[in-house]
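# Notes for the structure review
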Amino acid sequence: MGFKELSIEVESNRFLKHLDIVDNTRIIFSGIFGIGKTYFLNKLFESKTEEYETIRINPVNYTVSQNSDIFELIKFDIGFQLFSKNLNFEKFEINKEIAGEYFLLNHYKEIIQLLISNLSKIDRRIGAVVSSINQLNEKIEEYKENIETNEQKELEEFLKVFANKKGTSREENSITELLNKLITSLKQNNPNKKIVLIIDDLDRVDPEHIFRILNIFSAHLDFYDHIGENKFGFDKIILVCDINNIRGIFHSKYGSNIDFSGYIDKFYTHDIFEYNFTNIISQNLGKFLESIKVSADNGNQITFKNHNGYFVSELKFILTHLIKAHCLSMRSLINFLKSDLNISQTNIKIDKFGSHNINSNYTDIFLIFKILSKIMNGEHNFLMALDKLIRYKPAIHFFDRKQYSDVSLGNLVMLADFKNSNLFPGEEKYIYKIKDFNISISYEINYTSGRYGIIGKMLRVMDYDGDIEATSYDYNSRYLKTQIPYFQIAKNAFHNCRYILQEDS
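Small disclaimer: the values here were computed from a predicted structure and weren't measured.

### Some remarks on the overall build of the chain
- What the chain contains, in helices and strands, is 20 helices and 15 strands.
- Taken over 505 residues, the chain has a buried fraction of 44%.
- Within the structure as shown, the chain displays about 27800 Å² of accessible surface, and the carbon and sulfur contribution to it stands at 50%.

Shown next as structure tokens:
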């Protein structure tokens, strides 16, 4: 499975509505790094070629350049892509006689001086005359300039200098004019299309350069503000970034008291569009899990296609929350699928005499933690993600999660309470208590997979000092406490999971 197999229909419809807002000419498209923003925009505009013509530039290519060179590079990137749009470039044919007349009218002084200087080579006496004439001409021109005052000409010359100066925000040289004309031509050739400039990969720009480049874009975007147009006449300009990341860099650079919104609002016309990756991954999580193939030491292969039990439910539940908390990117998921997943199995002693063993790959919660660690590129990264999840979601209203809730919580508690239960299955009822969270959970442990694996099952949840040992376990009496510190228990369970697998390996 790769990016190309993901369905983006729901999120596409949401963004197209935002794009079609009247006068929405500048847009910030925001999402965390690695979330698949470029993929999404590419796929969206590929499906809308009858409505939009896009040109894309990548500011990461400009970081090593001087400020004055960056706008030249922007024009280069825009011009280069315009070549592929099959535009008609104007070409004027001028015959030699007209060109000669034009040259004579505009350069007659140079021509006369050239002729006189060559005559002086024939007769040296003419040279003295030529020298005197040149000196006289210079004095006349100097006197003329001193006595003449032409305010309009002075202003025109001043403006002309800046208009022709490369890289300034007021630059209007021939290439700038040509790009304006070409984009106008592109609009005329495609009257039903909007011309869109996409400024992509801003996430990849070094924090030291990001505001330098943004300021350059700002200066050029603002040039036509008085008539409500974008530079070069683009209908839409889309800035692709992680707005939260840029906000953090801004406050780190300029101070927490400096108003970020006053700086950034010039880059968008209406609201910032927050790309909701969770919607996309939720739609495609089934495909993702079906793509996972786990090879065990014994040569067996575990696949999850058409597997709708607790295992897949728990993976979906945790992965969805990892995505919502911005702990996991689409790129990480895709990279995970590109590599072979080999899960080593461990025989685990489950009683103090060592007479009973189970296999880690036949116990779902061990396999789930191993897969999640692989997806997160290591156990340390997974622990950091759990810490972030605890901050993001300190408690979960677990009563709403009716399907597999007893097994989901039971398996975590079974590991978190390992030192008490030693993972030993049987008729005994165990109790796990966390005073800091005012919670008590009773559970039992049973064999699965022909006594090769085990499963925990939650019996009751209530306050720390509650009568947890009551024998009635009907569904409504199980959740006497509904706010569960799920990810804190998951972290405790994972700590013990690492300890158990290292000790028995």
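### Looking at the sheet that holds strand β3 (residues 194-199)
- Spatially, β2-β3-β4-β1-β5 is the arrangement adopted by the five strands of the open sheet, whose pairing is parallel. The outermost strands of the open sheet, each flanked by one partner alone, are β2 (52-57) and β5 (273-274).
- Summarising the sheet, β3 and strand β4 (residues 236-241) pair through four bridges and their orientation is parallel. If you follow Ile198 over to β4, its bridge partner there is Ile238.
- Relative to the sheet, helix α2 (residues 37-46) contacts β1 (26-30), β2, β3 and β4, its axis offset from that of β2 by approximately 150°.

### Examining the environment of Tyr268
- By secondary structure assignment, the location of Tyr268 is in the loop between α11 (260-264) and β5.
- Residue Tyr268 is classed as partly exposed on the basis of its relative accessible area, which comes to 21%.
- Residues Tyr268 and Ile238, 30 residues apart in the sequence, show an inter-C-alpha distance of 8.4 Å.
- Beyond its immediate sequence surroundings of up to four residues, Tyr268 is in contact with Arg26, Ile27 and Ile28.

### A few points about the side chain of Glu53
- Its location among the elements puts Glu53 in strand β2.
- Polar contacts involving the side chain of Glu53 include one to the side chain of Lys193, which spans 3.0 Å.
- Apart from residues lying up to four places away in sequence, Glu53 is in contact with Lys85, Leu186, Lys193, Lys194, Ile195 and Val196.

### Here we look at the sheet that holds strand β13 (residues 439-448)
- Judged by pairing direction, the sheet is antiparallel, and its three strands sit side by side in the order β12-β13-β14 without closing on themselves. Sheet topology places β12 (430-434) and β14 (453-462) at the edges, where each strand pairs with a single neighbour. The sheet shows a mean angle of 30° between the axes of neighbouring strands, taken without regard to direction.
- Here β12 pairs with β13 via five bridges, running antiparallel. Pairing of Lys433 across the sheet is with Ser440, part of β13.
- Contacting β12, β13 and β14, helix α17 (residues 405-416) runs over the sheet at an angle of about 105° to β14.

### Here we look at the nonpolar core
- One finds Phe15, Ile238, Leu319, Leu322, Leu423 and Ile489 to be the most contacted residues of the largest nonpolar core, which totals 89 residues.
- Those residues in contact with Leu423, other than ones at most four positions away along the chain, are Ile348, Ile350, Phe366, Met414, Leu415, Phe418, Ile445, Ile454 and Ile500.

### A short note on the pattern of salt bridges
- Enumeration over the complete set of coordinates arrives at seven salt bridges.
- Lys491 is the salt-bridge partner of Asp387, the closest N and O atoms lying 2.6 Å from each other. Taken together, the residues Asp387 in helix α16 (residues 379-392) and Lys491 in helix α20 (residues 486-504) connect sequence positions 104 residues apart.
- Asp387 gets classed as partly exposed once you look at its relative accessible area, which sits at 27%.
- Its salt-bridge partner being Glu444, residue Lys429 comes within 3.7 Å of it at the nearest N-O pair. With Lys429 in the loop between α18 (418-421) and β12 and Glu444 in strand β13, this pair connects stretches of sequence that are 15 residues apart.

### A look at the side chain of Ser12
- With respect to the secondary-structure elements, Ser12 resides in helix α1 (residues 9-19).
- Ser12 sits in the buried class, given a relative accessible area of 8%.
- Among residues more than four places away in sequence, those in contact with Ser12 are Phe40 and Leu44.

### Overview of the packing of aromatic side chains
- Counted by the stated rule, this structure contains 23 aromatic pairs.
- With 6.1 Å between their ring centres and 55° between their planes, Phe369 and Phe382 make a pair best called tilted. One end of the pair, Phe369, is in helix α15 (residues 364-375); the other, Phe382, is in helix α16, and 13 residues separate them in sequence. Comparing Phe369 with Phe382, the two get one shared label, buried.
- What links up through ring pairs into an aromatic cluster is the set Phe211, Phe250, Tyr254, Phe260, Tyr263 and Phe267.

### Digging into the environment of Arg478
- Inspection of the secondary structure puts Arg478 in helix α19 (residues 475-478).
- Residue classification places Arg478 among the buried residues on the basis of a relative accessible area of 14%.

### Overview of α15
- The end-to-end C-alpha distance of α15 is 16 Å, a good match for the 16 Å that 12 residues give at a rise of 1.5 Å each.
- All buried positions along α15 are accounted for by Ile365, Phe366, Leu367, Ile368, Phe369, Lys370, Ile371, Leu372, Ser373 and Ile375.
- In the stretch just after α15, Asn377 is the one whose phi turns positive, near 65°.

### Here we look at the packing of α15 against α17
- Two elements in contact, α15 and α17, have axes whose closest approach is 10 Å; the angle formed by their N-to-C orientations is 85°. On the basis of their axis angle, the class for α15 and α17 is roughly perpendicular. Judged by residue contacts, Ile365, Phe366 and Phe369 of α15 engage Asn411, Leu412, Met414 and Leu415 from α17.
- Grouping the amino acids of the contact of α15 with α17 by side-chain chemistry returns six nonpolar, one polar and no charged.

Conventions we followed
- Residues numbered from 1 in each chain as written.
- Predicted model: local features only at pLDDT ≥ 70, side-chain atom pairs only at ≥ 80, totals over all residues.
- Heavy atoms only, no water.
- Helix = DSSP H or I, 4+ residues; strand = E, 2+ residues; numbered from the N terminus.
- Buried < 20%, exposed > 50% of the residue type's maximum accessible area, 1.4 Å probe, protein only.
- Areas by Shrake-Rupley, 256 points an atom, 1.4 Å probe, with all protein chains shown as cover.
- Pairing = 2+ DSSP bridges.
- Contact = heavy atoms within 4.5 Å.
- Axes fitted to C-alpha atoms, helices over the stretch in contact; angles between N-to-C directions.
- Polar contact = N/O pair within 3.5 Å; in protein donor to acceptor, adjacent residues only side chain to side chain.
- Core = buried A, V, L, I, M, F, W, Y, C linked by side-chain atoms within 4.5 Å.
- Salt bridge = Lys/Arg side-chain N within 4 Å of Asp/Glu carboxyl O.
- Phe/Tyr/Trp six-rings, centres within 6.5 Å; stacked < 30°, edge-to-face > 60°.
- Expected span 1.5 Å × (residues − 1).
- Parallel < 35°, antiparallel > 145°, perpendicular 65-115°, else oblique.
- Nonpolar A, V, L, I, M, F, W, Y, C, P; charged D, E, K, R; others polar.

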